[in-house]
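Coordinates in review
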Amino acid sequence: MWIDEPADGRHQDAGTLPHLVVFTGSGISVESGIKTFRASDGLWEEHSVEQVATFDGFRADPERVLTFYNQRRAQICRAQPNAAHKALAALEQDCFNVSIITQNIDDLHERAGSRSVLHLHGEILKARSSVDASLRYPVSGDIALGDVCDKGSQLRPDVVWFGESVPLFEQACALASQADFFLVVGTSLAVMPAASLLSYIGVDTPCALIDPDADALSPPGVRAINTTAGEGVPALVERWRRQKNFEPG
Ligand code: APR
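First, a word on scope: everything that follows refers to the structure included in this document. (Residues numbered from 1 in each chain as written. Predicted model: local features only at pLDDT ≥ 70, side-chain atom pairs only at ≥ 80, totals over all residues. Heavy atoms only, no water.)

Moving on, we get to the sheet that holds strand β4 (residues 122-129). The strand order across the open sheet built from three strands is β5-β4-β6, with neighbouring strands paired in antiparallel fashion. On the outer flanks of this sheet lie β5 (136-138) and β6 (155-159), each paired with one strand and no other. Averaged over all adjacent pairs, the angle separating strand axes in this sheet is 45°, with direction ignored. Here β4 runs beside β5; their pairing, made up of three bridges, is antiparallel. Directly across from Lys 126, in β5, lies its bridge partner Pro 138. (Pairing = 2+ DSSP bridges. Helix = DSSP H or I, 4+ residues; strand = E, 2+ residues; numbered from the N terminus. Axes fitted to C-alpha atoms, helices over the stretch in contact; angles between N-to-C directions.)

Here we come to the site of the ligand. Lining the immediate surroundings of the ligand are 22 residues, of which Arg 38, Trp 44, Thr 187, Ser 188 and Asp 211 lie closest. The side chain of Thr 187 places a nitrogen or oxygen atom 2.7 Å from an oxygen atom of the ligand. In the model, a nitrogen atom of the ligand is placed 2.9 Å from a nitrogen or oxygen of the Ala 229 main chain. Within the complex, 89% of the 730 Å² of free accessible area of the ligand lies under protein. Split by residue class, the shell around the ligand holds eight nonpolar, 10 polar and four charged. Taken together, domain 1 (1-34 + 81-121 + 165-249) and domain 2 (35-78 + 128-159) each give at least three residues to the shell around the ligand, which thus spans both. (Near = heavy atom within 4 Å. Polar contact = N/O pair within 3.5 Å; in protein donor to acceptor, adjacent residues only side chain to side chain. Areas by Shrake-Rupley, 256 points an atom, 1.4 Å probe, with all protein chains shown as cover. Nonpolar A, V, L, I, M, F, W, Y, C, P; charged D, E, K, R; others polar. Domains from an automatic or database assignment.)

Here we come to the packing of aromatic side chains. Taken as a whole and judged by the stated rule, the model has 10 aromatic pairs. Ring geometry for Trp 44 versus Phe 162: centroids 6.3 Å apart, planes at 65°, classification edge-to-face. Here the residue Trp 44 occupies a position in helix α1 (residues 43-46), and Phe 162 occupies one in the loop between β6 and α7 (169-178), the gap between them amounting to 118 residues. In textbook terms, an aromatic cluster arises when at least three aromatic residues are bridged by ring pairs, as seen for Phe 37, Trp 44, Phe 55, Phe 58, Phe 68, Tyr 69, Trp 161 and Phe 162. The lysine or arginine in question, Arg 156, covers the ring of Trp 161, its NZ or CZ lying 3.8 Å from the ring centre. (Phe/Tyr/Trp six-rings, centres within 6.5 Å; stacked < 30°, edge-to-face > 60°. Lys NZ or Arg CZ within 6 Å of the ring centre and 35° of its normal.)

Here you go:
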């Protein structure tokens with residue numbers, strides 16, 4: 001059993017649902033047609049991280065960066081949540097109190113119906129001031145050169161670039177430490193501090209990882225489920241909902 005009742009019975013109180021924390025990466029959006037980063041055909045094979053995903057790159061050529069994110073935003077707006085996103089949202093109906101911590105900047109978890117989504121690396125459907133991070137604006141179309149914030153500075157995508165701080169990381173660590181169960185889906189665990197979240201879950205907290213490369217990625221003690229998100233997440237959710245137990249099969 002990769003998920004037993006937590007040793008201290010944290011969620012045994014009548015009327016409270018166990019707290020499932022799900023940590024997702026770009027792999028969960030692959031079956032919605034959105035590329036990952038480090039695959040052989042990934043985004044970082046086609047674009048220089050330094051040029052399009054750093055503040056220095058933005059400062060050097062803001063139009064190149066705005067175009068990169070405008071293209072991704074348009075693709076994300078055309079994409080639809082897949083079976084994995086929907087299965088996680090369905091869990092909230094009767095099985096778990098679910099908190100999603102995602103590295104993804106798309107809104108597919110929200111569009112699938114998940115109600116608690118923390119975007120560690122920001123959100124592509126928001127723009128923000130390049131001089132005052134508290135100034136944020138919803139955006140569904142393009143951000144153009146010359147689009148400015150209330151303080152007159154160029155707007156940028158509200159995403160966390162390499163070398164920038166991750167403002168929501170402490171909040172994510174707190175969620176991870178409160179998890180009765182922890183599920184990782186579709187991330188190579190290559191980027192810090194995001195990947196270090198696994199070190200914040202309780203020593204007795206059952207944890208599993210769904211990824212076609214799970215055996216290679218799963219740290220000791222984490223149950224590796226070697227399959228795609230679109231196959232693995234609905235199968236696990238169906239088992240949990242049907243049998244009200246937490247075995248992966
Ligand atoms: N289902 C589940 N997982 C999949 C699927 C799929 N259909 N296809 C690929 N994967 C897995 C890959 O095996 C890999 O482990 O998704 C993972 C994608 O890894 P990365 O490309 O490194 O993406 P991610 O882990 O999300 O990157 C983290 O890096 O560049 C930054 O900000 C960016 O948030 C991103 C962060």
